[in-house]
Amino acid sequence: MTDGPSYGFDTLQIHAGARPDPATGARQVPIYQSTAYVFRDAEHAAALFNLQEVGYIYSRLTNPTVAALQERIATLEGGVGAVCCSSGHAAQIMALFPLMQPGRNIVASSRLYGGTVTQFSQTIKRFGWSAKFVDMDDPEAVKAAIDDDTRAVFCEAIANPGGHITDLEVIAGVADAAGIPLIVDNTSATPYLCRPIEHGATLVVHSTTKYLTGNGTVTGGCVVDSGKFDWSANDKFPSLSQPEPAYHGLKFAETFGPLAFTFHGIAIGLRDLGMTMNPQAAHYTLMGIETLSLRMDRHVENAMKVAKWLEDDPRTDYVTYAGLDSSPYSKLVPKICPRGAGALFTVAVKGGYDACVKLVDSLEIFSHVANLGDTRSLIIHSASTTHRQLTTEQQEAAGAGPNIVRLSIGIEDADDLIADLDQALSKATA
Ligand SMILES: Cc1ncc(COP(=O)(O)O)c(C=O)c1O
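Residues numbered from 1 in each chain as written. Predicted model: local features only at pLDDT ≥ 70, side-chain atom pairs only at ≥ 80, totals over all residues. Heavy atoms only, no water.

What about the sheet that holds strand β9 (residues 344–349)?
Alright, step 1. If you trace the five strands from one edge of the open sheet to the other, you get β8-β9-β12-β11-β10, paired in mixed fashion. Where the open sheet ends on each side, the last strands, each with one partner, are β8 (316–319) and β10 (367–368).
Alright, step 2. One ladder, built from three bridges, connects strand β11 (residues 378–380) with strand β12 (residues 404–408); its direction is antiparallel. Its bridge partner being in β12, Ile380 is matched across the sheet by Arg406. (Pairing = 2+ DSSP bridges. Helix = DSSP H or I, 4+ residues; strand = E, 2+ residues; numbered from the N terminus.)

Structural notes on the pattern of salt bridges
Alright, step 1. Here the structure, examined in full by the defined rule, presents 16 salt bridges.
Alright, step 2. Between Arg298 and Asp413 there is a salt bridge whose closest N-O contact spans 3.9 Å. Of this pair, Arg298 sits in helix α13 (residues 292–312) while Asp413 is found in the loop between β12 and α17 (414–428), placing the two residues 115 residues apart along the sequence.
Alright, step 3. Arg298 sits in the partly exposed class, given a relative accessible area of 31%.
Alright, step 4. The class of Asp413 is partly exposed, set by a relative accessible area of 47%.
Alright, step 5. Residue Asp313 is joined to Arg315 by a salt bridge in which the shortest nitrogen-to-oxygen separation is 2.8 Å. Assigned by exposure class, Asp313 and Arg315 land together as buried.
Alright, step 6. Each member of the salt-bridge network shares a partner with another, and the members are Arg111, Asp135 and Asp137. (Salt bridge = Lys/Arg side-chain N within 4 Å of Asp/Glu carboxyl O. Buried < 20%, exposed > 50% of the residue type's maximum accessible area, 1.4 Å probe, protein only.)

Describing the domain arrangement of the protein chain
Alright, step 1. Domain annotation of the protein chain identifies domain 1 (9–288) and domain 2 (293–428).
Alright, step 2. For domain 1 and domain 2, the distance between their C-alpha centroids amounts to 29 Å.
Alright, step 3. Across the boundary between the two partners, domain 1 contributes 34 residues, which contact 34 residues of domain 2.
Alright, step 4. Of the roughly 2800 Å² buried where domain 1 meets domain 2, counting both sides, 56% is carbon and sulfur surface.
Alright, step 5. Counting the contacts that link domain 1 with domain 2 gives one salt bridge.
Alright, step 6. A salt bridge links Asp167 to Lys335, with the nearest nitrogen and oxygen atoms 2.9 Å apart.
Alright, step 7. If you look at where domain 1 meets domain 2, you find 13 residue pairs in polar contact (both at pLDDT 80 or more). (Domains from an automatic or database assignment. Contact = heavy atoms within 4.5 Å. Buried area = accessible area lost by both parts, 1.4 Å probe. Polar contact = N/O pair within 3.5 Å; in protein donor to acceptor, adjacent residues only side chain to side chain.)

See below:
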């Protein structure tokens, strides 16, 4: 298709990045299962290796199936380019890599997916990077945490596990005033519910493992580049603004302008870190994205019904869904995610740890798994699984206390989901 600004989301989720295969006319994006691509001649090869011409060299860097997915996600997010990676966690490292050096830090939300908290509080230390965790509801705290070595602010649009919403515009303003980018993990919201770049984000990361693929088949990740950040405005980002020795002194910001981050991600990030998405995974995710808006509407509709029912049920203490009027985040829904507050939230169950364990064991439709964003409804009791190594105080601080379960509401019949929860709650609290 010819890209046009007038196409709606539903059209772009099917067509962006895809065109009939030039060799065969195949209408669906083929899985280009090839490691390498033949150069036209030696001059062509040299131009590709010098980044003077864009094309395919080797699938660690670029692959036509993966490229179609990159273009599609970038289009849906309103970015100029994207780099797909082997997982959501890989995408987070790929987002930070061009910005960071030993001794630098990020200011990250205290409400993040637990795996991201571990990645940022433990693993990135081995690169000489560090993270300061702050409450993103408090912009003054974010501002106070930023120092001369801070190179990014990181948050989730709709936070896992509680479904809390971040006021992206306010946090983007704080990052902007400090001359650093805001990186938003948009996994739980998807570009259908929230478009972080429109709220001032510089980069958007995804675990495509979740709603974008939508059916729990493959892991993947993506970094979307807004193309709006001036990497040369100060001396904080030498990898993008200064000469790159591995490319004869080429300066990414000067040479590629708004696409500097995307080209760096491919030419340096994928080349040397190698966290590449494979074409099979890209194919599954392309298939999934075609129905993203339809699924998200149903996820949101079901989440609202289930959350309301759970909130009114005497066997629960509270429900954290931001779509409920009782949520302190409900006022941010029209501003940040006008099509709905997603389908991820936590529930406090009367009866504590034992009741929660009995609940997950008694459910028939909900699956007890460490995943979210599937067509199927999912549940996890974090205190007995992902967070079991933590103390009760640490579990509670993470929103994963012994009495808490996290639900990812699927697209089944809402009445069936409610009936399943009803029978399992009866057993759990008997
Ligand atoms: C919000 C969020 N971000 C990132 C990740 C990491 O993604 P992946 O498992 O694809 O590495 C997850 C995984 O659950 C997640 O929930």
